[in-house]
Amino acid sequence: MRFRTFCYFWSEALRNIRRNVNLISLGTIAASLFILGAFFLIILNLNHLTDNLTSRIEIRVFLKDGVTARDREALKTRIWALGGIKTIDFISKEEGLKRLKEQLGDDEGILTAMDFNPLPDAFSIKVAKPESVKALASRIARLPGVESVNYGHGLVERLFALVKAVWVITLALSVIFISAIIMIIGNTIRLTLIARRREVEIMKLVGATDWFIRWPFLLEGMLVGLTGAIVSAVALYFLYGFAVRRFMSALPFIPVVTGGVALRQLCIGLLAAGATMGAIASVVFLRKYLRA
Amino acid sequence: MRFRTFCYFWSEALRNIRRNVNLISLGTIAASLFILGAFFLIILNLNHLTDNLTSRIEIRVFLKDGVTARDREALKTRIWALGGIKTIDFISKEEGLKRLKEQLGDDEGILTAMDFNPLPDAFSIKVAKPESVKALASRIARLPGVESVNYGHGLVERLFALVKAVWVITLALSVIFISAIIMIIGNTIRLTLIARRREVEIMKLVGATDWFIRWPFLLEGMLVGLTGAIVSAVALYFLYGFAVRRFMSALPFIPVVTGGVALRQLCIGLLAAGATMGAIASVVFLRKYLRA
Amino acid sequence: MIRLHNVSKVYPNGVVALAGVDLRIERGEFVFLVGPSGAGKTTFMNMIIRHVLPTSGQVIVNGKNVVRLKPWEVPYLRRTIGTIFQDFKLLPNKTVYDNVAFALQVIDAPGREIRKKVPAVLDLVGLADRANELPHQLSGGEQQRVSIARAIVNSPTVLLADEPTGNLDFDTSWGIMELLLKINGRGTTIIMATHNKMIVDRMKKRVIEIDKGKIVRDESEGVYGREV
Amino acid sequence: MIRLHNVSKVYPNGVVALAGVDLRIERGEFVFLVGPSGAGKTTFMNMIIRHVLPTSGQVIVNGKNVVRLKPWEVPYLRRTIGTIFQDFKLLPNKTVYDNVAFALQVIDAPGREIRKKVPAVLDLVGLADRANELPHQLSGGEQQRVSIARAIVNSPTVLLADEPTGNLDFDTSWGIMELLLKINGRGTTIIMATHNKMIVDRMKKRVIEIDKGKIVRDESEGVYGREV
Ligand SMILES: Nc1ncnc2c1ncn2[C@@H]1O[C@H](COP(=O)(O)OP(=O)(O)OP(=O)(O)O)[C@@H](O)[C@H]1O
Ligand SMILES: Nc1ncnc2c1ncn2[C@@H]1O[C@H](COP(=O)(O)OP(=O)(O)OP(=O)(O)O)[C@@H](O)[C@H]1O
Ligand SMILES: [Mg+2]
Ligand SMILES: [Mg+2]
């Protein structure tokens, strides 16, 4: 290909973009990718939230009365040896009562009414994989010096059901939303190009090869997709930053993804998606008119 | 207008719809309205969830030791008199202990270790307006025979913060999503009609009045919008039913809107929105070419 | 009928298409408009149907100044004028029949009238058997004849024919000319732009020659060129 | 150069556009194609550039059977053939200059050549000063001349001219004919469909008359009609 021809392709693409028809597609693509991006951010936050919830899962191992500090160390080593454990913290009966009071809050009156501490010493264990909690707990229960083991009476199971359900739903929604958006973008580009069907036909009659016709359209699709993506990415970036600040000041106790790497990756992904979709949509569409 | 002309408008609209260009718009409109509808359903469920959470708010009024059944009735009457109250339930100290044990779950060991019941008698009060909880609680606290009043140590405030944040976010998202979708639909119809600009110009040159040109386009826009809406409504109706069944079996403890009236209203809303948007988009667009 | 007072048209790109044209055409006249390519013939016709507005001067059709017409009055002006466009301007998605019927539908003609007149006029231009085809399925000359049929179907008081025989062979052209003569005989004013010397010379009608936007000749029984 | 063996074309709607045409046109010939509107002239030309495929028979151009060409070979066929389309087929979004330059760009011509040839050919058709305008800003005859310029700019070995003077006045038409004669003198085969009796009669070239899809006359120094 001559350099001149290469320049021709680019100047054609740029000139066509300047015509109003494509500005309309651009708006549509920007809006679509914005929705897509917003949806991904919602998924990202749900993911973050469930991660956060599962990270709070712990196994509480209550020790038999009268276990010595030595036995305790030995037991700790044996528990470590079971594997899959992130941290083990010792919680003395005093510490345990303090925490229970905090947990009960206003209801702590019940405990202050008691003049002795009914709690045993305990280990608090965090596991590496939340799914292994149940198996691990039952193995720990069989170790000597362990009175009983508690890992949340079905709370863990419920949490997993929640996480799974959230994932199934977001996955189903993503699939539907993403296909809808792709359809919208594809159709927009198709409509834009249908308006120029005659042009393609004339070019063919004057002896242009398929690729000669295709290149400017391809570049154009890519640039329009990319520009739309840039608009949506910029909008998303700033709006999300704003939303996160509002959310965090209103609800400091709910964890949100503050942006940073994830947000930047999403924006880059949007740009790539915009350019690719624009190019693919152009080519796929042109097939129809070039084969004729 | 002659009946014949009326028929002409309809037959024109139908004939034009059968041409492929509009089938593309139809798909886009269906996809857009589907996203819009899905988004509304998400909002609906969030709303339902927060309603459900706020309905669980209650004021617990602990009675002084030794309050007689008579004093209790008198107190109950005085509390009723304060207004804004939905239900008052008496919870005896035994009942209170039972509930606390349930609430503590595995930790109930602490309580069985006690050989007396430290809890006082209490009233459990549900209020009509969750916002009035705080004010009501402080007024009840001043009544005779009341030991202390508990309404959730800031839990209520936090819940309201959550509800508010969720609303701000969903509202912001709705505004953005809805404008994006309207833009998409408007642009799709514009593109469809740009392909027929020449047709409009020729009609004008042959002596057609603006309304003579406009009517078929208007009907066409309406029908395309309506058809797209029907497709999206049907898809939404069945997919939502399916999603709800899956969700309820996975997470029976989280309340979801099971559809029924709300879903049907949403579908009707979508149909109206589709038809209106189609018609408006056609007319607004045509303005540009009719004024020329 | 049609009067132009000192009409000029300068297109936005600076091209002077008409420069100070004064003209008077009476009811029932048959006028040939001749002149080289780019002389301003099409511009002149577009001005009469108010498709193009003059830069200066007045265009009066049927006693009305078309420049001052309100937007809603324009369709009614155009309905009294049949136009055969140089580039046909057929509706691409309508059949031959519907293209011709359209001119009657816009004036809210009764269905009975449409069903009677459209086949009759298609027969006149020799396309009775092509009624259900789309424009792109026709040859150049056939498309031109559809355009002629549409222009005459609602018996306009003025007929503007912009090169109506440019794509037609001599026999068909002459057939069209006889048709126009008959219509003219019924009182319709006809203005026809053409490059066809043979037709102009044979018809012996008024000939107006335009060159570079100016009227350079106006003869009542003229011929195509001053000398060939 | 161009040979047709028993070529027929029946359009999907049942119209028989060509019926068993046998024809042989040698390199460097100048051939007029005449015949009434709808005779099959445009169909014949579209067949040579493989825009329309014959229903039966063979079309051989430069020794190649165009019916059997692979899709990627078609553009190369079309580049050796310049075509003046009856409806011009100009690219609506390109200027006059770019429309003409396009025919050189598709064959990957060097920029220097494009900058030299395009203005030259625009000058030949008398549109040097309209280079930067869009097709819709031109008169019918001017558009037709752009189409002529595009067809001849890359010195094709065959030139198909479908009614190239249909929208031109006699003087401009004759100028175009002289241009075609010059090109023909350089060895280009020219096939021209026309309804212009005066031009055909003056040129005294081979005349092929088609009627209802059949060749009814083929004379080496013919005139437009058998009798007028
Ligand atoms: N929309 C436009 N914008 C700019 N210039 C125009 C426009 N329409 C026509 N012109 C120019 O105005 C001049 C007169 O054009 P017009 O179409 O009236 O010529 P014409 O006499 O009909 O020619 P022809 O016989 O070739 O059809 C031409 O030079 C043409 O290029
Ligand atoms: N795409 C098509 N589909 C159906 N019929 C067609 C098509 N193209 C042309 N025809 C018909 O085939 C016949 C020959 O058409 P063609 O265009 O070859 O005629 P022509 O000799 O060029 O006529 P003209 O002088 O009017 O341009 C005509 O009757 C025409 O209606
Ligand atoms: Mg003209
Ligand atoms: Mg033809």
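Keep in mind it's a predicted model, so treat the numbers as computed, not measured. (Residues numbered from 1 in each chain as written. Chains lettered and ligands numbered in written order. Predicted model: local features only at pLDDT ≥ 70, side-chain atom pairs only at ≥ 80, totals over all residues. Heavy atoms only, no water.)

Turning our attention to the confidence of the model for chain A. Considering every residue of chain A, the mean pLDDT works out to 78; 86% of them sit at 70 or more. Confidence, read as mean pLDDT per element, is least for helix α5 (residues 109-112) of chain A in chain A (56) and greatest for helix α8 (residues 197-205) of chain A (89). (pLDDT = per-residue confidence, 0-100. Helix = DSSP H or I, 4+ residues; strand = E, 2+ residues; numbered from the N terminus.)

Before going further, it helps to spend a moment on the site of ligand 1. Taken together, 21 residues form the shell around ligand 1, and within it Thr42(C), Thr43(C), Arg130(D), Ser139(D) and Glu142(D) come nearest. Site remark: ligand 1 is flanked by residues from chains C and D. For ligand 1, an oxygen atom lies 2.6 Å from a polar atom in the side chain of Thr43(C). For the shell around ligand 1, the secondary-structure elements that each account for two or more residues are α1 (41-48) of chain C together with α5 (140-152) of chain D. Partitioned by chemical class, the residues of the shell around ligand 1 number five nonpolar, 13 polar and three charged. (Near = heavy atom within 4 Å. Polar contact = N/O pair within 3.5 Å; in protein donor to acceptor, adjacent residues only side chain to side chain. Nonpolar A, V, L, I, M, F, W, Y, C, P; charged D, E, K, R; others polar.)

All names here are of chain D. The coordination sphere of the magnesium ion (ligand 4), as far as protein atoms go, consists of Thr-42 (OG1) and Gln-86 (OE1), spread over 1.9 to 2.2 Å. Residue Thr-42 is found in helix α1 (residues 41-48), and its partner Gln-86 is found in the loop between β6 (81-84) and α3 (96-105); the two are separated by 44 residues along the sequence. On the basis of relative accessible area, Thr-42 is assigned to the partly exposed category, the value being 25%. Among the residues examined, Gln-86 registers a relative accessible area of 14% and is labelled buried. (Donors = N, O, S within 2.8 Å, 3.2 Å for Na, K, Ca; no water. Buried < 20%, exposed > 50% of the residue type's maximum accessible area, 1.4 Å probe, protein only.)

This part covers the interface of chain D and chain A. Each partner contributes residues to the interface: chain D has 25 residues there, and chain A has 20 residues. For the pair chain D and chain A, the two sides together bury roughly 2,100 Å², of which 58% comes from carbon and sulfur. There are zero salt bridges connecting chain D and chain A. At the surface where chain D touches chain A, the tally comes to three residue pairs in polar contact (both at pLDDT 80 or more). The set of elements that each furnish at least two residues to the side of chain D that touches chain A consists of α2 (74-79), α3 and α4 (111-124) of chain D. (Contact = heavy atoms within 4.5 Å. Buried area = accessible area lost by both parts, 1.4 Å probe. Salt bridge = Lys/Arg side-chain N within 4 Å of Asp/Glu carboxyl O.)

Further remarks concern the environment of Ala13(A). All names here are of chain A. Structurally, Ala-13 can be placed in helix α1 (residues 3-18). Overall, Ala-13 belongs to the buried group, its relative accessible area being 0%. Apart from residues lying up to four places away in sequence, Ala-13 is in contact with Pro-216, Leu-219 and Glu-220.

Looking now at the arrangement of the chains. Inter-chain contacts occur across four pairs of chains; the most extensive set of contacts lies between chains A and B. Kept free of each other, chain A and chain C leave a smallest C-alpha distance of 12 Å between them. No interface is formed between chain B and chain D, the nearest pair of C-alpha atoms being 12 Å apart.

Turning our eyes to something else, we now look at α3(D). Of all 10 residues in α3(D), nine are buried, a share of seventy percent or more. Here α3(D) has its buried residues at Val96(D), Asp98(D), Asn99(D), Val100(D), Ala101(D), Phe102(D), Ala103(D), Leu104(D) and Gln105(D).

It is worth spelling out the pattern of salt bridges at this point. Within this structure, the stated rule accounts for 22 salt bridges over all chains. Among the ionic pairs, Lys117(D) bridges to Glu113(D), the shortest N-O distance being 3.0 Å. Within this pair, Lys117(D) and its partner Glu113(D) are both found in helix α4, separated by four residues, close to a single helical turn. Overall, the relative accessible area of 24% leaves Glu113(D) in the partly exposed class. With a closest N to O distance of 2.5 Å, Asp201(D) and Lys197(D) form a salt bridge. With Asp201(D) and Lys197(D) both in helix α7 (residues 197-203) and four residues apart, this pair spans about one turn of that helix. What emerges from the salt-bridge pattern is a single network uniting Glu29(C), Arg206(C) and Asp218(C).

This brings us to the packing of aromatic side chains. Geometry of an aromatic ring pair is reported as the spacing of the ring centres plus the angle between the planes. Evaluation of the coordinates by the stated rule reveals 20 aromatic pairs over all chains. Between Phe9(A) and Phe212(A) the ring centres are 5.3 Å apart and the planes differ by 70 degrees, which places this aromatic pair in the edge-to-face class. Here Phe212(A) lies in helix α9 (residues 210-250) and Phe9(A) lies in helix α1, a separation of 203 residues in the sequence. Judged by its relative accessible area of 4%, Phe9(A) falls in the buried class. For the ring pair Tyr237(A) and Phe238(A), a centre distance of 5.6 Å and an interplane angle of 75 degrees mean the geometry is edge-to-face. With a relative accessible area of 33%, Tyr237(A) lands in the partly exposed category. Using a relative accessible area of 58% as the deciding quantity, one classes Phe238(A) as exposed. In textbook terms, an aromatic cluster arises when at least three aromatic residues are bridged by ring pairs, as seen for Tyr8(A), Phe9(A), Trp211(A), Phe212(A), Trp215(A) and Phe102(D). Taking the ring centre of Trp211(B) as reference, the NZ or CZ of Arg214(B) above it sits at 4.3 Å. Taking NZ or CZ as reference, Arg202(C) lies 5.1 Å from the ring centre of Trp174(C), over its face. (Phe/Tyr/Trp six-rings, centres within 6.5 Å; stacked < 30°, edge-to-face > 60°. Lys NZ or Arg CZ within 6 Å of the ring centre and 35° of its normal.)

Judged by side-chain charge, Arg2(A), Arg112(D), Arg115(D) and Lys116(D) come together as a positively charged surface patch. Positionally, Arg115(D) belongs in helix α4. (Patch = residues over 30% accessible without salt bridge, like charges linked within 9 Å, V, L, I, M, F, W, Y side chains within 5 Å. Areas by Shrake-Rupley, 256 points an atom, 1.4 Å probe, with all protein chains shown as cover. Lys, Arg positive; Asp, Glu negative; His and termini not counted. Charge placed at Lys NZ, Arg CZ, Asp CG, Glu CD.)

A few words now on the sheet that holds strand β3 (residues 122-127) of chain A. All names here are of chain A. Spatial ordering of the open sheet is given by β2-β3-β1-β4, a layout of four strands whose pairing is antiparallel. With partners counted over all chains shown, the strands left at the sheet margins are β2 (85-91) and β4 (146-150), one partner each. Ignoring which end each strand starts from, the neighbouring axes of this sheet average 20 degrees apart. Against the sheet, helix α6 (residues 133-141) contacts β1 (59-63), β2, β3 and β4, and its axis sits at roughly 170 degrees relative to β4. (Pairing = 2+ DSSP bridges. Axes fitted to C-alpha atoms, helices over the stretch in contact; angles between N-to-C directions.)

Moving on, we get to the sheet that holds strand β5 (residues 64-65) of chain C. Residues and elements named next belong to chain C. Strand order in the open sheet made by the four strands is β2-β1-β4-β5, with antiparallel pairing throughout. Two strands in the sheet have a free side with no partner beyond their single neighbour: β2 (16-25) and β5. Examined bridge by bridge, strand β1 (residues 2-10) and strand β4 (residues 56-61) share five bridges and lie antiparallel to one another. When the bridges of β4 are listed, Ser-8 appears paired with Ser-56. Relative to the sheet, α1 contacts β1, β2 and β4, its axis offset from that of β2 by approximately 60 degrees.

Turning our eyes to something else, we now look at the packing of α8(A) against helix α10 (residues 260-291) of chain A. The description of two helices packed together rests on the angle between their axes and the distance between the axes. Residues and elements named next belong to chain A. It is the contact of α8 with α10, at a shortest axis distance of 10 Å, that shows an interaxial angle of 50 degrees. Taken together, α8 and α10 sit at an angle that is classed as oblique. Considering the relative orientation of α8 and α10, their crossing is right-handed. Contact residues: Arg-197, Val-200 and Lys-204 in α8; Leu-286, Tyr-289 and Leu-290 in α10. (Parallel < 35°, antiparallel > 145°, perpendicular 65-115°, else oblique. Left-handed = near helix turned anticlockwise from the far one by under 90°.)

All right, on to the packing of helix α3 (residues 96-105) of chain C against helix α4 (residues 111-124) of chain C then. Residues and elements named next belong to chain C. At a minimum axis distance of 10 Å, the contact between α3 and α4 shows a crossing angle of 125 degrees. The pairing of α3 with α4 is recorded here as oblique in orientation. Crossing handedness for the pair α3 and α4: right-handed. Where α3 abuts α4, its residues Val-96, Tyr-97, Val-100, Ala-101, Leu-104 and Gln-105 lie against Glu-113, Ile-114, Arg-115, Lys-117, Val-118, Pro-119, Val-121 and Leu-122. Counted by class, the contact of α3 with α4 contains 10 nonpolar, one polar and three charged residues.

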